[in-house]
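The primary structure of each chain is shown beneath.
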Amino acid sequence: MKKGKKLYEGKAKIIYASSDKNLVIQYFKDDATAFNNQKKSTIEGKGVLNNRISEHILSNLSQIGIKNHLVKRLNMREQLIKFVEIIPIEFVVRNVATGSLTKRLGIEDGTVLKEPLIEYCLKDDELGDPLIAEEHIYAFEWASKKEIEKVKKMILRINDFMIGMFRGVGIKLIDFKLEFGRVKLNGKSEVILADEISPDTCRLWDSITEKKLDKDRFRKDLGDLIPAYTEVAKRLGILHEQSNVTAVNVTKLSSVKKKSK
Ligand code: UDP
């Protein structure tokens, strides 16, 4: 697949055109940002790990019938994906209260929620991705009621599946962020899951020790982000147990699974 011109550059990814107008190439950068872009860094190897972890999760979701934008992983840092019209909403799904929820409502950190909570944020960096009500989505026509009903059903299935997948490898899925986009299928618009699902977009705690295995290691200056993401990849069976991943050699390991097949 030939890489065309750069179409869009975000905080952690770049989108390039491909030779097929319905498909684009998603490149995972090593850049890390937090607190609405106020904190920035480059963490060597992060993009490679997120590419692999997101590929793993999205292809598993595909197998349970959750349509998503992934076509295939192309190499260490790139995926071929369907070109979607992104819905300008970040859908935050929470199983345990932490992060902005605890600060906003004074809820104790670590409170287990009775049922999953879906929050909506407007995708707008300049405004700091403000929290919105479902009614705002309809008032400003960011998505239709039919689309949001479908998205909510998909979210609950995704959450159930991911809780189970992570629980099986000793990880608690605390919360995560999803994005959805529209594609045209036989002339009809359809909503599918888009973007990435990785330790950059999820909070993942070790089930026993509650050690953070996600981007909070960067947000909270805890260090050892690459070992934590590598641990997630190893537990999911993406990297072999014996792989000794460091920031420097992580790029070499990206082909380990393929070779061993
Ligand atoms: N999240 C994300 N991108 C964002 C905002 C949030 O991926 O722009 C994810 C985040 O990693 C966490 C969940 O959404 O898994 C809930 O984030 P929260 O609102 O608590 O974020 P905070 O403001 O504490 O960073």
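Going by the structure above, here's the rest.
Treat the numbers as computed from the prediction; the structure is a model and nothing was measured.

Cut-offs applied
Residues numbered from 1 in each chain as written. Predicted model: local features only at pLDDT ≥ 70, side-chain atom pairs only at ≥ 80, totals over all residues. Heavy atoms only, no water. Salt bridge = Lys/Arg side-chain N within 4 Å of Asp/Glu carboxyl O. Helix = DSSP H or I, 4+ residues; strand = E, 2+ residues; numbered from the N terminus. Buried < 20%, exposed > 50% of the residue type's maximum accessible area, 1.4 Å probe, protein only. Contact = heavy atoms within 4.5 Å. Polar contact = N/O pair within 3.5 Å; in protein donor to acceptor, adjacent residues only side chain to side chain. Expected span 1.5 Å × (residues − 1). Axes fitted to C-alpha atoms, helices over the stretch in contact; angles between N-to-C directions. Parallel < 35°, antiparallel > 145°, perpendicular 65-115°, else oblique. Left-handed = near helix turned anticlockwise from the far one by under 90°. Nonpolar A, V, L, I, M, F, W, Y, C, P; charged D, E, K, R; others polar. Pairing = 2+ DSSP bridges. Patch = residues over 30% accessible without salt bridge, like charges linked within 9 Å, V, L, I, M, F, W, Y side chains within 5 Å. Areas by Shrake-Rupley, 256 points an atom, 1.4 Å probe, with all protein chains shown as cover. Near = heavy atom within 4 Å. Core = buried A, V, L, I, M, F, W, Y, C linked by side-chain atoms within 4.5 Å.

Caption draft 1: The arrangement of the pattern of salt bridges in detail. Under the definition given, this model contains 30 salt bridges. Across the salt bridge formed by Lys-123 and Glu-179, the nearest N and O atoms sit 3.1 Å from each other. You can see Lys-123 sitting in the loop between β10 (112-122) and β11 (131-132) and its partner Glu-179 sitting in strand β12 (residues 171-185), a full 56 residues away along the chain. Residue Glu-179 is classed as buried on the basis of its relative accessible area of 4%. Note that Asp-216 and Arg-219 form a salt bridge whose closest N and O atoms lie 2.6 Å from each other. Residue Asp-216 and its partner Arg-219 are both found in helix α5 (residues 216-219); the two are separated by 3 residues, about one turn of the helix. Taking the relative accessible area as the measure of exposure, Arg-219 reaches 23% and is therefore partly exposed. Through salt bridges with shared partners, one network takes in Arg-94, Arg-104, Glu-119, Asp-175, Arg-203, Asp-216 and Arg-219.

Caption draft 2: Just the environment of Arg-104, in detail. Relative to the helices and strands, Arg-104 resides in helix α2 (residues 100-105). We classify Arg-104 as partly exposed; its relative accessible area is 36%. Apart from residues no more than four positions distant in its own chain, Arg-104 is found in contact with Arg-94, Glu-119 and Leu-131. Here Glu-119 takes part through its side chain, which lies 3.0 Å from a polar atom of the side chain of Arg-104.

Caption draft 3: The arrangement of helix α4 (residues 145-167) in detail. Here α4 spans 33 Å end to end across 23 residues, near enough to the 33 Å set by a 1.5 Å rise per residue. Within α4 the residues assigned to the buried category are Glu-147, Ile-148, Val-151, Met-154, Ile-155, Ile-158, Asn-159, Met-162, Met-165 and Phe-166.

Caption draft 4: Molecular detail of the packing of helix α1 (residues 46-63) against α4. Relative to each other, α1 and α4 sit at 125°, their axes nearing to 11 Å. By the angle class used here, α1 and α4 are oblique. In this structure, the crossing between α1 and α4 has a hand that is right-handed. For the pair α1 and α4, the contacting residues are His-56, Ile-57, Asn-60 and Leu-61 in the first and Ile-158, Phe-161, Met-162, Met-165 and Phe-166 in the second. Residues that form the contact of α1 with α4 fall into these classes: 7 nonpolar, 2 polar and no charged.

Caption draft 5: Just the sheet that holds strand β1 (residues 3-9), in detail. Across the sheet, which stays open at both edges, the 5 strands sit in the order β1-β2-β3-β7-β6 with antiparallel pairing between neighbours. The open sheet has two free edges, formed respectively by β1 and β6 (70-73), since each of these has just one partner strand. For this sheet, the mean angle separating the axes of adjacent strands, direction not counted, is 30°. Here strand β3 (residues 23-28) runs beside strand β7 (residues 78-82); their pairing, made up of 5 bridges, is antiparallel. From the neighbouring strand, Leu-23 faces β7, where its bridge partner is Lys-82. Each of β3, β6 and β7 is contacted by α1, which is oriented at about 130° to β6, the strand it contacts most.

Caption draft 6: View of a nonpolar patch on the surface. The grouping of Leu-7, Tyr-8 and Phe-83 at the surface amounts to a nonpolar patch, some 330 Å² of accessible area in total. Within the secondary structure, Tyr-8 sits in strand β1.

Caption draft 7: Broad picture of α1. When the terminal C-alpha atoms of α1 are compared, their 26 Å separation across 18 residues agrees well with the 26 Å that a helix rising 1.5 Å per residue should span. For α1, the buried fraction is high: 13 of the 18 residues fall into the buried class. Count one or two residues on from α1 and you reach Gly-65, which has phi positive near 90°.

Caption draft 8: Region of the structure containing the site of the ligand. Taken together, 15 residues are adjacent to the ligand, and Arg-94, Ser-100, Asp-175, Arg-203 and Arg-219 come closest. The contact in question runs from an oxygen atom of the ligand to an N or O atom on the side chain of Arg-94, over 3.0 Å. At a separation of 2.9 Å, an oxygen atom of the ligand approaches a polar side-chain atom of Arg-203. With the chains in place, 78% of the 520 Å² that the ligand exposes on its own is no longer accessible. Mapped onto the shell around the ligand, the elements with two or more residues apiece are β9 (89-96), β12 and β14 (202-206).

Caption draft 9: Structural context of the nonpolar core. Among the nonpolar cores identified, the biggest contains 50 residues, and Ile-158, Met-162, Phe-166, Leu-178 and Phe-180 are the most heavily contacted of them. Per-element accounting of this core gives the leading share, 8 residues, to α4.

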